[in-house]
Amino acid sequence: MDEGILRIFNSKNFDSLHTQIIGRKIYKYDTVTSTNDVAFRHALEGEKEGLVFWARSQTKGRGRLGRSWISHKDKGVYFSIILRPQIAVKDAPKFTLMAGVGIAKALGKFTGLESLIKWPNDIFIKDKKIGGILTEIEADINMIRFIVIGIGLNTNLKAGELPVKEATSLKILLGKDTSNESLLGVCLKELDNYYLEFKKYGFRGIIEEARSLSSLWGRQVKIETLPFDKHSKSNPKGTIEGVALDFDEDGALVIRQHNGFRKHIFAGDVRLLR
Ligand code: BTN
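One structure accompanies this document, and this report is about it.

Cut-offs used in this document
Residues numbered from 1 in each chain as written. Predicted model: local features only at pLDDT ≥ 70, side-chain atom pairs only at ≥ 80, totals over all residues. Heavy atoms only, no water. Salt bridge = Lys/Arg side-chain N within 4 Å of Asp/Glu carboxyl O. Helix = DSSP H or I, 4+ residues; strand = E, 2+ residues; numbered from the N terminus. Buried < 20%, exposed > 50% of the residue type's maximum accessible area, 1.4 Å probe, protein only.

## Description of the pattern of salt bridges
Phase 1 of the analysis: Scanning the entire structure with this criterion turns up 22 salt bridges.
Phase 2 of the analysis: Where Arg67 meets Asp269, a salt bridge forms, and the shortest distance between an N and an O atom there is 2.7 Å. Residue Arg67 is located in the loop between β3 (51–58) and β4 (76–83), and its partner Asp269 is located in strand β13 (residues 268–272); the two are separated by 202 residues in the primary sequence.
Phase 3 of the analysis: The salt bridge involving Lys90 is made with Asp91; its shortest N-O contact spans 3.4 Å.
Phase 4 of the analysis: By relative accessible area, Lys90 is classed as exposed at 53%.
Phase 5 of the analysis: For Asp91, a relative accessible area of 14% corresponds to the buried category.
Phase 6 of the analysis: Connected through salt bridges with shared partners, the residues Asp30, Arg56, Lys73 and Asp74 form a single ionic network.

Below you can see the structure in the form of structure tokens.
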């Protein structure tokens, strides 16, 4: 099952990580289909939370809404984490926000550049997408059994190698190659901090941080809304426009529509209009 495995690290022999939960074991692969698939398989077999699955390349890397995630060898950091929080299915989107905060902080520290979250799952630097988060869950009726958080960051892609013109890479921003291992270490540290914070205090402080790291406030947005889960009628599929105002305490995006009404959006795909 674990073909292509290169090495197994623990949090002490990986770049002096010393994290408590996330990164207690890191499986490094050469090539996999998708690190989310590998993490999911391990989680179904009962692996503990905090394990990380990191690959040098992916043949079927995927993003949200069925999009693909281009994953050339060593041109990006591609990894997935298993978490087993005791939470209801409806709270799962908050983990995408938590990962967004951790990754935006990590990239800010690593590059010295302002790194922002474009709700719900994109990470932007200088108004271009540098990374994305794909959260997938396994659940028993209403409670989560486990979550897999997959993260892809563009590191060593040259301008001509970018998948779309709205994307960027650290190579373009910094003018040099990045050590994927060092960046992964910084990301795991931040993610571990925020996961520990969630375990102790819940999401309140994390949502507060997400507010201060959002790229959307005051901007006119068009959102393809998605049913947030199959039991929810509050966010049927459709399109909605307005000015992005805030996150509510559930991590939903609050917008003001043209008619002045406020709407809370739980899941969607955001396009900036201006
Ligand atoms: C998005 O922007 O839509 C999310 C992209 C997530 C990509 C990462 S790369 C590691 C993990 N494995 C995958 O197949 N996808 C995620």
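## Quick notes on unusual backbone geometry
It is generally the case that most residues other than glycine have a negative phi and that most peptide bonds are trans.
Phase 1 of the analysis: Look at the link from Trp119 to Pro120: it is a cis peptide, with omega at 0°.
Phase 2 of the analysis: As for its placement among the helices and strands, Pro120 is situated in the loop between β5 (115–118) and β6 (122–125).
Phase 3 of the analysis: A positive phi angle is found at Asp127, which is not glycine, with a value near 65°.
Phase 4 of the analysis: Following the sequence through the fold, Asp127 ends up in the loop between β6 and β7 (128–140).

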